[in-house]
Amino acid sequence: MDFSSNVDAIWTAFCNTLPLDLQREARALALAVSLVPLANIPWSKIFKNEVTLAAPALFATAMPQATQQMVMTATTAHMLAVIDAFATDRILDRQATGNPQMLRLFKHMRIERDRAICELTGNQESPYQDAEYIGICAINIERLLLQHGMALSFSDYSNLSLAKQAVAFPASLALARVAGWDGRRERAIQHVLRGIVLGLQFHDDVVDWEDDWQKGGAWAVSLSGGQNLRDRAPCDGKPDIASLRRQVHQSGVLATMMTMARWRYRMAARLAAMLGADWLSSWAREQEVTAAELAERESSSAGYVVRAHRLSNWAMEVLG
Amino acid sequence: MQTAQDTDPHAQLRTLYMSLLTRQEHFDEFKQLLSMYPAAPGEDETEPPAAAEVRQKLNQRIREWTGTPFAGLSSSQIQMWRAIVVDERINVALSPWKESNGY
C-alpha cells in the first residue's frame, strides 16, 4: 500500500468537501501554522515518517479482515485528528496566529474526524472528544510547568508526553476492534503506539530543547534541575542559554532522554513484530538503532544531537 | 609525510565537520565567526577588509581545530555556509521540517 499517496488523497478529498472559502485556507494550513516554510508542500512530505499520519493503515497490513474502506475511514479520522492537534498546539504555543477562518476550518476537521470514527465503529459517540480534552489539558499543564522552570521527574515527563498525544490512539484501536482483533492484540497496539509516540517525542525534545527553551520552556531544563537553572538567568529576565547549556550538558539528561527514546522504539518494534505489522516493526527497529547511536554519541560528546541537527543541511550540501 | 586527510579538501571538510560535532566550543565559535561575515559581498563584488579579516581568522581557527593545513575558505564558500548554518536558508524546503510529531 502506498501510504504517502493515501495521506495526500485523504487530505485532498477532505478539502473538496469544504465550503469554497475554506478550501484555500485548508490547502495553506501547514504553511499558516509554520510547519513548513513554503506553500504547497503535501502532508506526506512534512513529516519524516509515515507513522504520524498513517498509523492505522500501517497496523492494517496485519489485519486480514480490515477492508480497504475500513482502513481509509480509520486513516481519515486519524489524520484529521493529528493535523488538528498539531495546528491547535502551534496556535496555543504562539508559534502561529489563529484567525476566524482557521478556527472554522478546525471545526470542519473535527466534525469530519468524528463522522469518520463513528462510521467506522457504528457508535454515536466519538472517542476523540475525550482524547482531545486530555491532550489540550496536558499541553496547557506542560506549558505552565516548563514556563516556570519547575524541576520535574522522568515519570512526569512520560505521563504528560503520553497524555499530550492522546489523539494518536483512537483510530488504530477502533480499526483493530472492527477488524476482529481481541483485547490482547488491541492492548498490544496501544503499547506499540505508546512506544512510537514517546520515542518520537523524546527524540524531538532533545533536538529542539534550545529552541523550546527560547520559546518558553524545555523538558531538558526541567529534568536537569529546573528552577535552580533558571535562577541563573541575568536580571533582564532573558534566559542565559550558554549557562543553561553547560548545566544541561553536564547533567547528561540529553543522553538519558535519547536512551529513553531507544527503549521505547525497541518495545514498539518487538510488539509490532508479534502482531505481524512488519513494516512498522522494521521502521521502529531503525529508529531504535538511530536512537542508540545518538545516545552513545551524546553520552561521549554532550550536545552532539543538537549540533548534528543544526549542521545537517550543511553536511548534506558540503559532504553529500 | 602528508596523509590524504592533509591534502584532500573533502577529507579536510569531514575533519572539520567531526570537530564541530564533537566540540561545542568549536561549533559556537564557528557559528559566531560565520555570523560576523557579511551576508552579501560589497557593491563592487570585492571583499571588504573587515570581512577578509574574519575569513582569515575563521580559516586559522579551522586549521587549529583540525590540525591540518586547511587550504582555507573562499568568500563565496563562507557566504554559502553562513546561509546554511546561521540563516538556515538553503535546503530547508527539502528537509523534513520536524523529526517527529512534537505536539
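All figures in this text were calculated on a predicted structure; none of them were measured in a lab. (Residues numbered from 1 in each chain as written. Chains lettered and ligands numbered in written order. Predicted model: local features only at pLDDT ≥ 70, side-chain atom pairs only at ≥ 80, totals over all residues.)

*Asks:* How do you make sense of the overall build of chain A when you look at a structure like this?
*Replies:* Across its full length, chain A carries 18 helices and zero strands. Whereas a compact globule of 320 residues would reach a radius of gyration of roughly 20 Å, chain A reaches 20 Å, a difference of no more than 12%. Principal-axis analysis of the C-alpha atoms gives chain A an extent of 55 × 45 × 40 Å. Looking at chain A residue by residue over its 320 residues, the buried ones come to 47%. In chain A, the proportion of contacts linking residues at least 24 apart, taken out of those at least 6 apart, comes to 74%. (Helix = DSSP H or I, 4+ residues; strand = E, 2+ residues; numbered from the N terminus. Rg over C-alpha atoms; globule rule 2.2 N^0.38 Å. Buried ≥ 20, exposed ≤ 12 C-beta atoms within 10 Å, placed from the backbone. Contact = placed C-beta atoms within 7 Å.)

*Asks:* Please explain the overall build of chain B as it appears in this structure.
*Replies:* Scanning chain B from terminus to terminus reveals five helices and zero strands. Helices (α) and strands (β) of chain B occur, in sequence order from the N terminus, as α-α-α-α-α. Expressed as a percentage of the 103 residues in chain B, the buried residues total 21%. Intrachain contacts of chain B at a sequence separation of at least 6 include 52% that bridge at least 24 residues.

*Asks:* Would you mind showing me how to read the domain arrangement of chain A here?
*Replies:* Reports often express the size of an interface as the amount of accessible area lost when the parts come together. Residues and elements named next belong to chain A. Considered domain by domain, chain A is made up of domain 1 (1-150) and domain 2 (182-320). On the side of domain 2, 20 residues touch domain 1, which itself brings 14 residues to the contact. Among the secondary structure elements, those contributing two or more residues to the side of domain 1 that touches domain 2 are α4 (51-60) and α7 (128-147). Of the residues assigned to the side of domain 1 that touches domain 2, the class counts are eight nonpolar, four polar and two charged. (Domains from an automatic or database assignment. Nonpolar A, V, L, I, M, F, W, Y, C, P; charged D, E, K, R; others polar.)

*Asks:* Would you explain helix α8 (residues 154-164) of chain A in this entry?
*Replies:* Because each turn of an α-helix spans 3.6 residues, side chains separated by three or four positions end up pointing in the same direction. Residue and element names in this part refer to chain A. Those residues of α8 lying buried are Y157, L160, S161 and K164. Angularly, the buried residues of α8 cover 100° about the axis, an arc narrow enough to put them on a single face. Facing away from the buried surface of α8 by more than 90 degrees, the exposed residues are S155 and N159. The elements touched by buried residues of α8 are α7, α10 (183-207) and α12 (219-223). (Arc of directions from axis to C-beta.)

*Asks:* Which parts of the structure should I look at to understand unusual backbone geometry?
*Replies:* Leave glycine aside and you will find that most residues have negative phi; peptide bonds, for their part, are mostly trans. All names here are of chain A. Residues other than glycine seldom take positive phi values, yet S34 does so here, at roughly 60°. Topologically, S34 is positioned in the loop between α3 (29-32) and α4. The phi angle at N40 is positive, at roughly 65°, despite the residue not being glycine. Structurally, N40 is set in the loop between α3 and α4.

*Asks:* How do you make sense of the environment of B:A52 when you look at a structure like this?
*Replies:* Looking at the secondary structure, you find B:A52 in helix α4 (residues 49-66). Separated by 22 residues in the primary sequence, B:A52 and B:S74 place their C-alpha atoms 9.6 Å from one another.

*Asks:* Looking at this model, I keep getting lost on the packing of helix α2 (residues 20-27) of chain A against helix α6 (residues 100-121) of chain A. Mind explaining?
*Replies:* The axes of two packed helices give the description: the angle between them and the distance between them. Residue and element names in this part refer to chain A. Closest axis-to-axis distance for the α2/α6 pair is 10 Å, and the angle between their directions is 90°. The angle between α2 and α6 places the two elements in the roughly perpendicular class. On α6, the residues touching L22, E25 and A26 of α2 are Q101, M102, R104, L105 and H108. Here the residues of the contact of α2 with α6 are counted per class, giving four nonpolar, two polar and two charged. (Axes fitted to C-alpha atoms, helices over the stretch in contact; angles between N-to-C directions. Parallel < 35°, antiparallel > 145°, perpendicular 65-115°, else oblique.)

*Asks:* Even after reading the chapter, I still don't get the nonpolar core, so can you show me in this structure?
*Replies:* Residue and element names in this part refer to chain A. Within the largest apolar cluster, 115 residues are counted, with the highest numbers of intra-cluster contacts made by F59, L175, A220, L254 and M258. No other element matches the 13 residues that helix α15 (residues 253-275) contributes to this core. Built from parts of two domains, this core gets at least three residues from each of domain 1 (1-150) and domain 2 (182-320). In this structure L254 touches V206, A220, V248, E298, A302 and V305, once residues within four positions along its chain are discounted. (Core = buried A, V, L, I, M, F, W, Y, C linked by C-beta atoms within 7 Å.)

*Asks:* Is there a simple way to think about the environment of B:L34 in this case?
*Replies:* Residues and elements named next belong to chain B. Positionally, L34 belongs in helix α3 (residues 24-36). Sequence separation between L34 and L21 is 13 residues; the distance between their C-alpha atoms is 16 Å. Leaving out residues up to four positions away in the same chain, L34 has contacts with I78, W81, R82, V85 and V86.

*Asks:* Is there a simple way to think about the confidence of the model for chain B in this case?
*Replies:* As a note on interpretation, predicted positions should not be read in detail where pLDDT is low. Residue and element names in this part refer to chain B. On average, residues of chain B score 79 in pLDDT, and 75% of them are at 70 or above. When pLDDT is averaged over each element of chain B, α3 comes out on top at 94 and helix α1 (residues 4-7) at the bottom at 59. Across residues 91-103 the pLDDT falls below 50, and counting only partners more than four positions away or on other chains, this stretch makes 37 contacts in the model. The ipTM, which scores confidence in the relative placement of chains, is 0.77 for this predicted complex, and the corresponding pTM is 0.88. (pLDDT = per-residue confidence, 0-100.)

*Asks:* Help me understand the environment of A:E50, please; the structure alone is not making it clear to me.
*Replies:* If you trace the backbone, A:E50 turns up in the loop between α3 and α4. Excluding residues that lie within four positions of it along the chain, A:E50 makes contacts with A:F3, A:S4 and A:L58.

*Asks:* Would you mind going over the packing of α4(A) against helix α16 (residues 278-300) of chain A with me for this structure?
*Replies:* Residue and element names in this part refer to chain A. The geometry of α4 relative to α16 is characterised by a closest axis approach of 9 Å and an angle of 140° between their N-to-C directions. Regarding the angle of α4 to α16, the classification is oblique. Residues V51, L58 and F59 of α4 lie in contact with α16, whose contacting residues are W279, L280 and W283.

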